[in-house]
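Each chain, letter by letter, is given below.
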Amino acid sequence: MPDALGVFAFLEQSQWWTPEKMRAFQAQNLRELTQHARATTRYGQDHCADFGDARTPFDWAAWARQPILTREDVATRYADFLSNRPPAGHGPFSEVRSSGSTGHPVRVRTTRLVNDMARAANWRAHRWAGIDWGQTLFGVMGERPGLEVGAVLGPWGPKSDPQSARGRLVYCPYEEDDTRLLTALRKSRASYLATTPHHAVHLCEVAVAKGIEIRLDTVMARGATVTDAVRQQLAAVFGARVFEQYSSKEGGVMAHPCPEGGGYHVASDCLLMEIVDDAGQPVAEGVEGRVVITPFGSTAMPLIRYDQGDRAVQGGGCTCGRGLGHIHSLAGRTRSFLRHVTGEERRITFDDVAFYRLLGAGQIQVAQVGPTEYEIRYTRHDWGVVPNPDAFLQQARPQFFDDVAIRLKAVDRAALNASGKWRDTVVEWS
Ligand SMILES: [Zn+2]
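Residues numbered from 1 in each chain as written. Predicted model: local features only at pLDDT ≥ 70, side-chain atom pairs only at ≥ 80, totals over all residues. Heavy atoms only, no water.

> Looking at this structure, how should I read the overall build of the protein chain?
Per the secondary structure count, the protein chain includes twelve helices and 21 strands. Relative to the compact-globule value of 22 Å for 430 residues, the protein chain shows a C-alpha radius of gyration of 22 Å, a close match. For the protein chain, the spread of C-alpha atoms along the three principal axes comes to 65 × 60 × 45 Å. Buried positions account for 55% of the 430 residues belonging to the protein chain. Long-range contacts, defined as pairs at least 24 residues apart, comprise 67% of the intrachain contacts of the protein chain with a sequence gap of at least 6. When the accessible surface of the protein chain is split by element, carbon and sulfur atoms take 49% of a total near 18800 Å². In the protein chain, the 49 positive side-chain charges and the 49 negative ones have mean positions that sit 5 Å from each other. (Helix = DSSP H or I, 4+ residues; strand = E, 2+ residues; numbered from the N terminus. Rg over C-alpha atoms; globule rule 2.2 N^0.38 Å. Buried < 20%, exposed > 50% of the residue type's maximum accessible area, 1.4 Å probe, protein only. Contact = heavy atoms within 4.5 Å. Areas by Shrake-Rupley, 256 points an atom, 1.4 Å probe, with all protein chains shown as cover. Lys, Arg positive; Asp, Glu negative; His and termini not counted. Charge placed at Lys NZ, Arg CZ, Asp CG, Glu CD.)

If you want it as structure tokens, here you go:
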């Protein structure tokens, strides 16, 4: 089995395949993964169709009839999805937990191969974005016992890349005190900061409040959608651009912005990503749907048509010449849906930066605090214009149900969770 470097060398080539060649490569991977699931998992035995071998054309219509797995399925029937014979060459295997933003925390058994594919796909996108592996990267991550903020975790670029020296990766846990974090960030002279968009904006707010000046080349944002409001705040305070990656613990690194054509390229050589409607059928170009993934390396626990809980808009192909899948935009996470007592659902979004300017907000969270009561919480940000909360409420109102009460509440800081996120919507009554 190739290691991350081997996968990287492969991905550098495969991105230029024709869409037809990519499709054939995907078909072969899907055949092998479903075969493996049928032979080694309870779920596969009962639910996976047989897609034959390379001598017959792949039946994509039958593929679209494969059931879609929800996070709830995987959370409640973990053992059914577990392979009793994962390929030793794909190991070691490890348990990952993805944060339960939809109310269904998911535990998944993942492979070294998925991890290596994720690293390699990320390196490929670094190249697209002109990221320099010789520079220092300040990485905010889950706590590692025994390590202090500022500890050097070693180089972070691909080991054998002759084109660059290898820069330092500096460690910092999400739980670190803000001032200590910013001091360490400054001291590290890092060009790059890797964290969630919510956490990065929070750091902007603290830096401004405490008068700590930080200049960064790029914020590498992961774990949530990057809105224009986020982009503008990071540019204004840190002078930084945003490098966006769409990733999950279950699926690895799934998509990155195209450096030339706009939109995002799917890592189609690492996973199949389908954008589907409620019936599980592929949507047309420009249409928003659910993100359903099948990671080719998920052999310890095959995830076959797994609904990631996110939404994206189907792309129409790109002019850059890459044969990778294409999506126009990430439409945010389904957790932005709020449910009325009658069962009706609405999606609440404040993606438009105009909302932030009107409210004088840095970040916004909508909390349902009673059956018909909502609180819009926000941190403050000076956009250089006088805030107008009444106008904000007037423009936000149509997104909400008619019979609910909405109040605004400025907060001193976003209450980030352990993975550095401030959920767009929360329900705080039962
Ligand atoms: Zn492109």
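> Hey, could you run me through the coordination of the zinc ion in this one?
Around a metal, the ideal angle is 109.5 degrees if four donors adopt a tetrahedral arrangement and 90 or 180 degrees if six donors adopt an octahedral arrangement. At 2.1 to 2.2 Å from the zinc ion lie its protein donor atoms, namely C258 (SG), H265 (NE2), C318 (SG) and C320 (SG). Taken together, the four donor atoms coordinating the zinc ion span angles of 102 to 114° at the metal, a pattern that classifies the geometry as tetrahedral. Motif for the zinc ion, donor spacing along one chain: C-x6-H-x52-C-x1-C. Overall, the relative accessible area of 9% leaves C258 in the buried class. (Donors = N, O, S within 2.8 Å, 3.2 Å for Na, K, Ca; no water. Tetrahedral: all angles 85-135°; square planar, octahedral: opposite > 155°, others 65-115°.)

> Got a minute to help me understand the environment of G52 in this structure?
Within the secondary structure, G52 is located in the loop between α3 (42-47) and α4 (60-63). For G52, a relative accessible area of 33% gives the class partly exposed. The spacing of G52 and E95 is 43 residues in sequence and 31 Å in space, taken between C-alpha atoms.

> Can you walk me through unusual backbone geometry in this structure?
Trans is the common state for peptide bonds, and a negative phi is the common state for residues other than glycine. Cis geometry is adopted by the peptide bond preceding P92, which originates at G91 and carries an omega value of 0°. Along the polypeptide, P92 turns up in the loop between α6 (78-81) and β1 (93-98). Of note in this structure, R189 is not a glycine but carries a positive phi near 55°. As for its placement among the helices and strands, R189 is situated in the loop between α8 (178-188) and β6 (192-195).

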